[in-house]
Amino acid sequence: MDINTLAKPETERVISGLMLELGIPAHLKGYQYLRTAVSMCVEDMELIGSVTKLLYPDLAKKYITTDQKIERAIRNAIEVSWERGNAELFEKLFGYSNSAGHSRPTNSEYIASVADYVRLEEGYV
């Protein structure tokens, strides 16, 4: 998938709003990386099965960094989100939240759940 072929502007707004509601501060690098990753996965859900082989390398090329830095920044953003985010929204998206004592979702789980939610909201499926 061409990284420059991202989701529609309306979809981008939905993703941004959802991420802010999930408690990811926009100033984190991981916010930008996650937003782009979710957008790419909304367009092509098969990327979820190849996060380390396709998604992170594509993001690293776009942002001129390494796969490892992409993975770490996304993980950090998810950790922040897990601590501060809207527990009700986490329950809706993941079926569990921090308040129930569960550990945070993995990067892949997080990206897949948010992308799936956006696809359903925006009528992709």
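The shown structure was predicted, so the numbers you read here are calculated from the model rather than taken from an experiment. (Residues numbered from 1 in each chain as written. Predicted model: local features only at pLDDT ≥ 70, side-chain atom pairs only at ≥ 80, totals over all residues. Heavy atoms only, no water.)

Trainee: Got a sec to walk through the packing of aromatic side chains? Specific residues and values, please.
Mentor: Counted under the stated rule, the structure contains seven aromatic pairs. Their ring planes at 45 degrees and their centres at 6.3 Å tell us that phenylalanine 94 and tyrosine 96 sit as a pair that is tilted. As far as burial versus exposure is concerned, phenylalanine 94 and tyrosine 96 are alike and both buried. One Lys or Arg, lysine 62, reaches over the ring of tyrosine 63 and ends 5.6 Å from the middle of that ring. (Phe/Tyr/Trp six-rings, centres within 6.5 Å; stacked < 30°, edge-to-face > 60°. Buried < 20%, exposed > 50% of the residue type's maximum accessible area, 1.4 Å probe, protein only. Lys NZ or Arg CZ within 6 Å of the ring centre and 35° of its normal.)

Trainee: Quick rundown of the confidence of the model for the protein chain? Include the residues and the values.
Mentor: Averaged over all residues, the pLDDT of the protein chain equals 88, while 93% of them reach at least 70. Low confidence marks residues 1-5, where pLDDT is under 50. Its contacts with residues over four positions away, or in another chain, come to 12 contacts. (pLDDT = per-residue confidence, 0-100. Contact = heavy atoms within 4.5 Å.)

Trainee: Break down the packing of helix H1 (residues 9-21) against helix H6 (residues 107-121) for me, citing the residues and quoting the values.
Mentor: Packed helices, taken two at a time, are described by their axes: the angle between them and the distance between them. Put simply, H1 and H6 touch, their axes get as near as 10 Å, and they point 135 degrees apart. When the axis of H1 is compared with that of H6, the two are oblique. In the crossing of H1 with H6, the sense of the turn from one axis to the other is right-handed. Contacts between H1 and H6 involve Thr11, Val14, Ile15 and Leu18 from the first element and Val114, Tyr117 and Val118 from the second. Looking at side-chain class alone, the contact of H1 with H6 contains six nonpolar, one polar and no charged residues. (Axes fitted to C-alpha atoms, helices over the stretch in contact; angles between N-to-C directions. Helix = DSSP H or I, 4+ residues; strand = E, 2+ residues; numbered from the N terminus. Parallel < 35°, antiparallel > 145°, perpendicular 65-115°, else oblique. Left-handed = near helix turned anticlockwise from the far one by under 90°. Nonpolar A, V, L, I, M, F, W, Y, C, P; charged D, E, K, R; others polar.)

Trainee: I'd love a proper account of H1, names of residues and values included.
Mentor: Helix length check: H1 (13 residues) gives 18 Å between terminal C-alpha atoms against 18 Å at 1.5 Å per residue, within 8%. Those residues of H1 not exposed but buried are Thr11, Glu12, Ile15, Ser16, Leu18 and Met19. An end-on view of H1 places all buried positions within 165 degrees of arc, on one side of the element. When the buried face of H1 is taken as reference, the exposed residues oriented beyond 90 degrees from it are Pro9 and Arg13. (Expected span 1.5 Å × (residues − 1). Arc of directions from axis to C-beta.)

Trainee: Go over the pattern of salt bridges, please, and point to the residues and values.
Mentor: When the charged atoms of two side chains lie near each other, side chains of opposite charge can form a pair. In the structure shown here, the tally under the stated rule is two salt bridges. Among the ionic pairs, glutamate 71 bridges to arginine 75, the shortest N-O distance being 2.9 Å. Here arginine 75 and glutamate 71 lie together in helix H4 (residues 67-84), a separation of four residues that amounts to about one turn. Among the salt bridges present, the one from glutamate 79 reaches arginine 104, with a minimum N-O distance of 3.8 Å. Of this pair, glutamate 79 sits in helix H4 while arginine 104 sits in the loop between helix H5 (87-94) and H6, placing them 25 residues apart in sequence. With relative accessibility at 30%, the residue glutamate 79 sits in the partly exposed group. (Salt bridge = Lys/Arg side-chain N within 4 Å of Asp/Glu carboxyl O.)

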